[in-house]
Amino acid sequence: MTDINKYFKNITSKERAIFEAGISLGALYHQFIGTPISIETVQSLEKTIKESITLQPCITDVKINIDKTLIKTEENKLGYSELQGEMLNIKLTSQYKDETIIAKLEYIPKLQYPLMYIE
């Protein structure tokens, strides 16, 4: 990771932790939305998302919860649904040097939007 740091020399450690969290949440959202999912596969997908995002720089922990009720509600005639932003509740920890931040992705009903933010 040392070689990459020269590209981030004009920002603080906190800004770097926030940057990495934002990149990770955005990648996660756009990579996995639309994935076929069922009650039988939800745990496997949660594990896959966690393992994938934990590979990103500075990400030290990821908690994934996919709303099982919505999976069942959105199920099509073939017995599965597609992952939607409304189904995701994600909390990740990003750490760079001495700075640690918590970032979240969760559906905010009042906004009718899956929001990514710093907790």
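Preceding this section is the structure that the text describes.
Here's what I pulled together on the structure shown here.

Reading the values: rules and limits
Residues numbered from 1 in each chain as written. Predicted model: local features only at pLDDT ≥ 70, side-chain atom pairs only at ≥ 80, totals over all residues. Heavy atoms only, no water. Pairing = 2+ DSSP bridges. Helix = DSSP H or I, 4+ residues; strand = E, 2+ residues; numbered from the N terminus. Axes fitted to C-alpha atoms, helices over the stretch in contact; angles between N-to-C directions. Contact = heavy atoms within 4.5 Å. Buried < 20%, exposed > 50% of the residue type's maximum accessible area, 1.4 Å probe, protein only. Parallel < 35°, antiparallel > 145°, perpendicular 65-115°, else oblique. Left-handed = near helix turned anticlockwise from the far one by under 90°. Nonpolar A, V, L, I, M, F, W, Y, C, P; charged D, E, K, R; others polar.

**Regarding the sheet that holds strand E4 (residues 88-96)**
Logical step 1: An order of E2-E4-E5-E6 is seen for the 4 strands of this open sheet, with the pairing classed as antiparallel. Each edge of the open sheet carries a strand with a single partner, namely strand E2 (59-66) and strand E6 (113-118). Direction aside, neighbouring strands of the sheet carry axes that sit 10° apart on average.
Logical step 2: The pairing of strand E5 (residues 99-108) with E6 spans 6 bridges and is classified as antiparallel. Paired with Ala103 across the two strands is Ile118, which belongs to E6.
Logical step 3: Each of E2, E4, E5 and E6 is contacted by helix H1 (residues 13-32), which is oriented at about 150° to E4, the strand it contacts most.
Logical step 4: Along the sheet, helix H2 (residues 42-54) makes contact with E2 and E4, crossing E2 at roughly 160°.

**Observations regarding the pairing of E5**
Logical step 1: For E4 and E5, the ladder comprises 8 bridges, and the chain directions are antiparallel. Along E5, the bridge assignment pairs Thr93 with Ile102.
Logical step 2: Where E5 folds back onto E6 in an antiparallel hairpin, the turn is made up of 4 residues, including Gln112, whose phi is positive at roughly 50°.

**What about the side chain of Thr93?**
Logical step 1: Residue position: Thr93 is located in strand E4.
Logical step 2: Its relative accessible area of 16% is what places Thr93 among the buried residues.
Logical step 3: Apart from residues lying up to four places away in sequence, Thr93 is in contact with Cys58, Ile59, Thr60, Asp61, Thr100, Ile101 and Ile102.

**A short note on the packing of H1 against H2**
Logical step 1: At a minimum axis separation of 11 Å, H1 and H2 run at an interaxial angle of 140°. With respect to H2, the element H1 is oriented oblique. The hand of the H1/H2 crossing is right-handed. Touching Ser24, Leu28, Gln31 and Phe32 of H1 are Leu45, Thr48, Ile49, Ser52 and Ile53, all from H2.
Logical step 2: In terms of residue class, the contact of H1 with H2 is made up of 5 nonpolar, 4 polar and no charged.

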